[in-house]
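Topology and contacts: notes
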Amino acid sequence: MVKLSMVAMGVVLVTTGIMAEADIKVGGQGVFYYQTNNSANADFFSQEGSSANAGLELSIKADLGNKFDFEYQETFLGTLGLEKSIVSGTRQNAHNNDLNSHAMTRFYMSKEIDNTLIKLGRQELPKSLSPLAFSESWNVFKNSFDAAVVVNKDIIDTTLVGAYVSGSNRHTNLSKFDDLSANSLALGNEAGTLNSGAYMLTVANKSVKNVPITASYYSLRSIAGLEDGNALWLDVKSNNAPIQVAFQAGQIDPSNNLDATTAFGLKVSGKIQDVGVSLAYANVNDGDVSMQNVGTGVKTPLYTQMIGNQNFIARDADSFVLKATSKLPVGKLIAQYNITTDNSTAKNDYNEFDLIYKFKAFDTNMLIAYIGQTTENKTFAGGTEKSANNLRFWSRYNF
C-alpha cells in the first residue's frame, strides 16, 4: 500500500511537470502519543489501562509557478510493538483497525489570483474560519476534509471564505472519509448524516480596532436524506488591555421536524501579575442535535471546551471554566477547572480538572497532562464508576 501511494504521487508529479520544474519542499512531523488511566478495571501504566501510537506525517509541497501550489501528505501510524506488553490499544488508526498502516490525509491544488485563494481537494479547515466543521488537534494527528475553499481579501480589513465541504475522516480511521454529521442525539447517529455535504460562508472583519468579528453560515444539505438544515455561528472579541472580553452565539437547525439547538457563551480574560486568568461560561439548550463539530469530530466551538468535557457541555447544559496560565523557566503550566450542570432529566452534572505542562526539549514540543473527571451518575469504566483519572503524554518533532 505504501509503495502504491508513493507511485501514484510520482505519477502526479511527473505528469504535471512538477518533478522537473517546481520548487519542492519535504516536511512533516514525527509523534509519540501515550495515555493511561486509573480505574477499578486498571491502574496507571498498566497494559489494560494504557494506549499509544507512534506516527509520521510526510508532506510534499510544490510551488508550480504562476501562483499554483500542490500538497500531498501521507500519514503513517503504528504501535512500535507496544501492544505486546505495554498497552492494550491505540489512540488513532490510519486504516480500519490495523495497528500499522497509513492514509492519504492531504491532497490539494491551490491557485492565488490577486487577493483570492482557491483551494481544491483534501485539506485541513481551521476553527477560526470554520467553527462548526474544523480540524481537531487533540489526537495524534488532525482530521481533514474533502472540500473546495475560496478565500478573498478584496474588502479592506475583511476576509471572505466560501466553501463546499463534502466529507471528513474520523480520528479512529483516517483513511475513511464519511459524510458530515449533525450529531443527532434524538434519533441516533444516522439521523444527523449530511448526505450531500455542507456549504459555508464566513465573514471575518477587523474594521473596529481590537474588536475582530467572525460570522459563519452553513447550509446543511439533505440531513439523513430528509430536508435541508442550516447553522449559524458568531464570535466577537474585544482585545483591549488589560481585560479582554469575548462573546459567541450559534444555532444548528435541522429543519426536519427536529428542534433547533442554540448556544451562547462569554469569556473574560486578563492578567494577575504574571499569571493569565480567564473565566468562561456557555449555555446550550435542549435541541435535538449536539453543538459539536459536524466534521465527524468530537469537540465543540464553545469557550468552555476542555480536554474531555465535550459530551457533557454540547447539549442541554450550563458550563463554567476557570483557567490560569503561567510561564515557567522552561515551558508553560496550565490549570483549568470545569463545572457543568446537566439540565436534562438525567441530571448527570460533571466536573473536570486539567493540569497541563507544555515545554520544548531537544527541539521537540512535549505535553504532559493530568485529566480528572467526575459525574453525578456512573458514567466511566463501562458505566461502573463516577470518576476517571487520566495521564497523557505526547512528543512532536517538526521537520
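Look above for the structure.
Right, let's walk through the structure included here. Keep in mind the model is a prediction, meaning the values are calculated, not measured. (Residues numbered from 1 in each chain as written. Predicted model: local features only at pLDDT ≥ 70, side-chain atom pairs only at ≥ 80, totals over all residues. Heavy atoms only, no water.)

1. Thoughts on the overall build of the protein
The helix and strand tally for the protein stands at three helices and 21 strands. The buried share of the protein, reckoned over its 399 residues, is 47%. In the protein, of all internal contacts separated by at least 6 residues, the share reaching a separation of at least 24 is 55%. (Helix = DSSP H or I, 4+ residues; strand = E, 2+ residues; numbered from the N terminus. Buried < 20%, exposed > 50% of the residue type's maximum accessible area, 1.4 Å probe, protein only. Contact = heavy atoms within 4.5 Å.)

2. Overview of the environment of Phe 107
Topologically, Phe 107 is positioned in strand β4 (residues 101-113). Residues Phe 107 and Glu 74 lie 33 residues apart in sequence; the distance between their C-alpha atoms is 8.9 Å.

3. Topic: the pattern of salt bridges
According to the stated counting rule, one finds seven salt bridges in the structure shown. The closest approach of N and O atoms between Glu 71 and Arg 106, which form a salt bridge, is 2.7 Å. One end of the pair, Glu 71, is in strand β3 (residues 68-78); the other, Arg 106, is in strand β4, with 35 residues separating them in the sequence. The exposure class assigned to Arg 106 is buried, which follows from its relative accessible area of 17%. With its nearest N and O atoms 2.8 Å apart, the salt bridge here joins Lys 237 to Asp 235. The class for Asp 235 is buried, based on a relative accessible area of 14%. Each of Glu 71, Arg 106, Glu 124 and Lys 142 takes part in one network of salt bridges that share partners. (Salt bridge = Lys/Arg side-chain N within 4 Å of Asp/Glu carboxyl O.)

4. So, a negative patch on the surface
There is a patch of like negative charges on the surface, built from Asp 23, Asp 63, Asp 69, Glu 112, Asp 114 and Asp 154. Relative to the assigned elements, Asp 69 resides in strand β3. (Patch = residues over 30% accessible without salt bridge, like charges linked within 9 Å, V, L, I, M, F, W, Y side chains within 5 Å. Areas by Shrake-Rupley, 256 points an atom, 1.4 Å probe, with all protein chains shown as cover. Lys, Arg positive; Asp, Glu negative; His and termini not counted. Charge placed at Lys NZ, Arg CZ, Asp CG, Glu CD.)

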